[in-house]
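A look at the structure
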Amino acid sequence: MTSTRPFRLSACLVSMIRTRSIARFASVFLLLTLSALSMLAQPTLLDPTFSDDGKVSTHILDSGSWGNDAVLQPDGKIVVVGAGNNHQVGVVRFNQDGALDSSFDGDGRVWTSMNAISEARCVALQADGKIVLAGVMTPDNLGAGPGFMVRYNTDGSLDTSFDGDGIRLYNYGQFSTDTSRDIAIQPDGKILILEFNFTYQVASGLLIARYNPDGSVDSTFGGGTGVFRREGQSGSSESMKLALQPDGKIVFTGYNNGWLVGRLNSDGTPDLTFGSGGVTTGGLGGYALALQADGKIVIAHRSTTFPVNVRQVINRLNTDGTLDTTFGTDGSTLVQFVNQEDTLCLPPDLIVQPDGKILMGGAVRIPSSGTGFEFALARLNSNGSLDNSFGLNGRLTTNIQGNDYGRSILLQPDGKIILAGQSDGGFAVARYIPASLSLTCRPVADFNGDGKSDPAYFSNLFGRWRYLDSITGGEASVRWGNSGDRIVPADYNGDCRTDFAVFRNGTWYIKTLVTGAEIYYQFGLSGDVPVPGDYDGDDLADPAVFRNGIWYVQGTRDGFSAVQFGIAGDKPVPADYDGDGKDDIAVYRDGVWYIQNSSGGVTIVQFGLGTDKPVVGDYDGDAKSDMAVYRPSDGTWYMLRSSQGFASLRWGISSDVPVPADYDGDGKTDVAVYRDGDWYLLQGTSGYQLKRLVADAGDPIVQNAYVP
């Protein structure tokens with residue numbers, strides 16, 4: 001065995017293998033489209049402890065139901081309100097694990113008939129756990145469509161102490177339609193309703209009403225009327241969102257030929273210290289509103305620049321209503337999910353995290369996905385920049401089942417994120433684990449996500465992946481790819497499961513098992529060596545290729561980079577050698593390992609012979625990849641373990657295919673070979689095991705995909 005020792009880099013070597021950013025990508029490359037990446041990259045994981053796959057949907061009265069707003073109970077249960085079949089008021093309550101709460105009206109679902117087509121638009125939770133919602137009824141023949149409130153006890157029954165029967169109707173104008181848009185409950189139990197009051201061809205305006213806890217009008221509000229009203233100024237004055245400041249002042253947003261933000265004193269009179277006469281305006285259509293701990297106001301609205309439909313703008317206002325120019329660019333940040341003009345971003349919801357980061361939830365239509373609208377999330381840092389540790393450059397989308405509309409965003413005390421709304425005619429909820437809460441996992445042929453590698457191969461004849469499921473013990477298969485494709489298995493969507501993926505003439509074709517998503521994009525050229533890996537430490541495999549000593553990487557978090565490291569003919573061996581959670585760029589050349597550590601510096605180690613096969617893995621379970629080689633001439637494995645030092649053993653013969661992976665789930669790479677359909681596994685915990693899965697001659701073995 002060749003001796004092992006680290007080398008100090010000479011000035012010549014430093015010059016030869018220096019790393020430099022390539023300012024411009026070769027023109028022959030087509031960059032990943034943002035729509036494909038937003039479908040693919042999800043470093044913020046769907047929570048597998050929530051309904052098994054992080055998302056759930058249900059119907060009320062069989063079909064035709066949808067969710068509009070949601071609230072999180074202190075016990076972690078989630079209440080979603082909207083409409084059931086035949087447009088009745090619908091309420092659904094989910095347990096923490098995503099199951100329907102059977103303690104809520106027997107099956108977790110309640111519907112209330114208002115004797116007219118109606119729907120709940122907003123919901124709030126009282127301190128005693130009672131649920132208060134507000135909504136709108138379809139106008140009658142005279143044009144009157146009253147707004148309403150409904151209050152439920154904690155078990156889902158109507159609270160008859162509220163206006164006598166649990167239901168409070170209100171109508172602020174003869175023949176008017178009162179559309180309740182938002183609701184808030186004050187610390188004293190009084191209820192604030194924000195609504196849009198409309199009378200056809202007469203008047204329209206934004207209206208805020210306050211009610212006592214028993215449902216009666218609060219005559220101490222709005223100069224004795226219980227109502228604050230703002231009529232449209234040169235157009236209709238729409239209302240959208242409402243928020244309570246700690247000092248009792250009331251902030252609202254809407255639009256009147258542009259976004260509108262106003263603030264009232266606690267008695268319902270305009271706060272003249274805010275904006276002009278208690279109101280400030282600008283932009284195009286204010287939809288969402290959130291308050292920071294320092295009193296600054298965050299709003300979201302549509303962009304005024306073409307194409308307006310595809311962009312959302314987030315602004316931050318100072319406490320006096322002026323734009324906060326320290327946020328984004330002069331107080332604004334543009335959020336765009338895709339680069340297609342026919343893509344529509346629906347009105348979002350906003351929430352400010354305890355660390356000051358800003359979450360926006362809503363829906364986006366991605367024509368290339370074939371699924372219509374999808375749940376959409378974005379996160380900004382407190383300074384207004386997109387948070388690149390979240391999703392793809394601060395954004396992600398989720399397909400629930402068909403057309404999905406996220407309408408309400410919630411934040412659990414443990415940092416998990418909830419987006420609720422509608423999916424294909426049902427109430428829908430998705431729960432996410434931020435990357436900071438998730439465990440790093442880099443599965444090698446682990447298709448079921450149990451932490452164990454599944455023996456697998458790719459059938460060139462049928463373009464089918466076949467594997468032994470480590471949970472069921474049976475054989476499974478998935479059709480994905482064509483004969484001659486280069487397999488590139490990795491966890492591209494961050495669900496801790498290996499995805500089926502092939503590289504063909506510079507195009508990547510990826511299929512996820514759980515969601516069934518199919519992603520296609522071009523990154524690279526025919527003849528490139530695909531080297532996917534997690535180069536930016538976000539628990540997602542980044543598409544990457546190696547070409548003539550240059551590494552081209554499309555980071556799902558950090559974006560595109562090109563790095564010169566190595567020469568033509570080198571064998572790429574990327575892995576996390578320094579244990580910092582990022583794969584390091586590395587090459588193997590004639591028995592010498594050249595490693596560019598992501599934590600800094602370059603390591604050169606002579607370990608192996610030119611005819612050896614590099615078999616990188618974490619053989620001692622310390623979360624650092626170990627340099628290792630398999631010598632076909634005598635079937636010997638040589639390992640330079642980062643914690644336990646040098647080791648060698650004979651396991652195999654010259655014709656064997658080395659297939660190192662963690663087959664028993666103990667966190668250590670196992671020595672293993674494939675021979676004529678037999679898998680000889682030497683497992684760290686379970687010991688020797690023989691498995692049978694027969695591949696045709698020439699079919700690539702998945703665990704051998706990155707053994708150069």
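Residues numbered from 1 in each chain as written. Predicted model: local features only at pLDDT ≥ 70, side-chain atom pairs only at ≥ 80, totals over all residues. Heavy atoms only, no water.

**Thoughts on the overall build of the chain**
Counting secondary structure elements, the chain contains two helices and 52 strands. Relative to its full complement of 708 residues, the chain shows a buried share of 58%. Relative to all contacts within the chain whose residues are 6 or more apart in sequence, the contacts with residues 24 or more apart total 46%. Of the roughly 26800 Å² that the chain leaves accessible, carbon and sulfur atoms contribute 50%. (Helix = DSSP H or I, 4+ residues; strand = E, 2+ residues; numbered from the N terminus. Buried < 20%, exposed > 50% of the residue type's maximum accessible area, 1.4 Å probe, protein only. Contact = heavy atoms within 4.5 Å. Areas by Shrake-Rupley, 256 points an atom, 1.4 Å probe, with all protein chains shown as cover.)

**Things to note about the packing of aromatic side chains**
For the coordinates displayed, the defined rule picks out 23 aromatic pairs. Between the aromatic rings of F373 and Y405, the centroid separation amounts to 5.0 Å while the plane-to-plane angle is 35°, which identifies the pairing as tilted. You can see F373 sitting in strand β25 (residues 373-380) and its partner Y405 sitting in strand β27 (residues 404-411), a full 32 residues away along the chain. Classification of F373 by relative accessible area gives buried; the value is 10%. Measuring from centroid to centroid gives 5.9 Å for W651 and Y688, while their planes differ by 65°, and the two rings are edge-to-face. Of the two residues, W651 is situated in the loop between β48 (645-650) and β49 (657-658) and Y688 in strand β52 (residues 687-692); the sequence distance between them amounts to 37 residues. Through a chain of ring-to-ring contacts, three or more aromatic side chains come together here, namely F447, F458, W465, Y467 and F500. R504 extends its terminal NZ or CZ atom over the ring of Y509, reaching a point 4.3 Å from the ring centre. The side chain of R589 reaches across the aromatic face of Y594, ending 4.4 Å from its centre. (Phe/Tyr/Trp six-rings, centres within 6.5 Å; stacked < 30°, edge-to-face > 60°. Lys NZ or Arg CZ within 6 Å of the ring centre and 35° of its normal.)

**Here we look at the pattern of salt bridges**
Using the criterion set out here, one finds 25 salt bridges in the structure. Residue R431 pairs with D47 through a salt bridge whose shortest N-O separation is 2.9 Å. Highlighted residues: R431 in strand β29 (residues 427-433) and D47 in the loop between β1 (45-46) and β2 (55-58), separated in sequence by 384 residues. The pair formed by R431 and D47 is uniform in burial state, with each residue classed as buried. In this structure, R379 and D387 form a salt bridge, with 2.7 Å as the shortest nitrogen-oxygen distance. An identical accessibility class is assigned to R379 and D387; each is buried. Residues joined in a network through salt bridges with shared partners are D47, K416 and R431. (Salt bridge = Lys/Arg side-chain N within 4 Å of Asp/Glu carboxyl O.)

**Some details on the sheet that holds strand β40 (residues 559-564)**
Taken in spatial order, the four strands of this open sheet run β37-β38-β39-β40, and their pairing is antiparallel. Both outer strands of the open sheet, β37 (529-530) and β40, are each paired with one neighbouring strand and no more. (Pairing = 2+ DSSP bridges.)

**Thoughts on the pairing of strand β36 (residues 518-522)**
Of the two faces of β36, the one lined by I519 and Y521 is fully buried and the one lined by E518, Y520 and Q522 carries no buried residue. Of the pairings in the sheet, the one linking strand β35 (residues 507-511) to β36 comprises five bridges and is antiparallel in character. Residue pairing in the sheet places Y509 in a bridge with Y520 of β36.

**Concerning the environment of D578**
Assignment of secondary structure puts D578 in the loop between β41 (571-572) and β42 (585-589). Note: C-alpha distance between D578 and G600 (22 residues apart in sequence) is 9.4 Å. Beyond its immediate stretch of four places on either side in the chain, D578 contacts D584, N597, S598, S599 and K624. In terms of polar contacts, D578 uses its side chain to reach the backbone amide nitrogen of S598, at 3.5 Å. (Polar contact = N/O pair within 3.5 Å; in protein donor to acceptor, adjacent residues only side chain to side chain.)

**A word on the layout of surface pockets**
Space inside the second largest pocket adds up to approximately 900 Å³. Looking at the second largest pocket, it is lined by 27 residues, and the ones nearest its centre are I183, L242, A243, L350 and I351. Within the residue set of the lining of the second largest pocket, elements represented by two or more residues are β3 (66-72), β7 (118-125), β11 (177-185), β15 (238-244), β19 (284-291), β23 (349-352) and β27. Grouping the amino acids of the lining of the second largest pocket by side-chain chemistry returns 22 nonpolar, one polar and four charged. (1 Å grid on protein atoms, 1.4 Å probe; cavity = no way out; pocket = protein on both sides within 12 Å on 5 of 7 lines; lining within 4 Å. Points joined across faces, edges and corners; volume = space filled by probe spheres on them. Nonpolar A, V, L, I, M, F, W, Y, C, P; charged D, E, K, R; others polar.)

**Quick word on the sheet that holds strand β9 (residues 147-152)**
With respect to topology, four strands assemble into an open sheet ordered β7-β8-β9-β10, the strand pairing being antiparallel. On the outer flanks of this sheet lie β7 and β10 (167-170), each paired with one strand and no other. With strand direction ignored, the average angle separating the axes of adjacent strands in the sheet is 20°. Bridge analysis of β9 against β10 gives four bridges, and the strand direction is antiparallel. Considered in β10, the bridge of V150 is made with I167. (Axes fitted to C-alpha atoms, helices over the stretch in contact; angles between N-to-C directions.)

**Overview of the environment of W508**
Looking at where W508 falls in the secondary structure, it is placed in strand β35. Residue W508 is classed as buried on the basis of its relative accessible area, which comes to 0%. Here the alpha-carbon distance between W508 and P543, two residues 35 residues apart in the chain, equals 8.3 Å. A polar contact is formed between the side chain of W508 and the backbone oxygen of F523, at a distance of 2.8 Å.

**With respect to the confidence of the model for the chain**
Predicted coordinates in regions of low pLDDT should not be interpreted in detail. A residue-level look at the chain finds 84% of positions with pLDDT of 70 or above and a mean pLDDT of 85. Note on residues 1-43: pLDDT under 50 across the span, and 116 contacts to partners over four residues away in sequence or across chains. Across residues 339-343, confidence stays below pLDDT 50; counting only partners more than four residues off in sequence or on other chains, it has 16 contacts. (pLDDT = per-residue confidence, 0-100.)

**Some remarks on the nonpolar core**
In terms of nonpolar packing, the biggest core is built from 17 residues, with V91, L133 and Y152 touching the most fellow members. Elements with a minimum of two residues in this core: β4 (78-84), β5 (88-94), β7, β8 (131-137) and β9. Apart from the residues lying within four places of it in its own chain, the contact partners of L133 are V81, V89, V91, A120, C122, V123, F148, M149, V150, Y152 and I183. Counting residues in hydrophobic clusters, the runner-up holds 16 residues, among them A134, Y172, I185 and L207. (Core = buried A, V, L, I, M, F, W, Y, C linked by side-chain atoms within 4.5 Å.)

**So, unusual backbone geometry**
The backbone phi angle of S51 is positive, close to 55°, even though this residue is not glycine. Mapped onto the elements, S51 comes out in the loop between β1 and β2. Judged by its relative accessible area of 24%, S51 falls in the partly exposed class.

**What to know about the environment of L46**
Structurally, L46 is set in strand β1. Since its relative accessible area comes to 23%, L46 is described here as partly exposed. Those residues within four positions of L46 in sequence are excluded, and the remaining contacts are D53, G54, K55, T398, A430, R431 and Y432.

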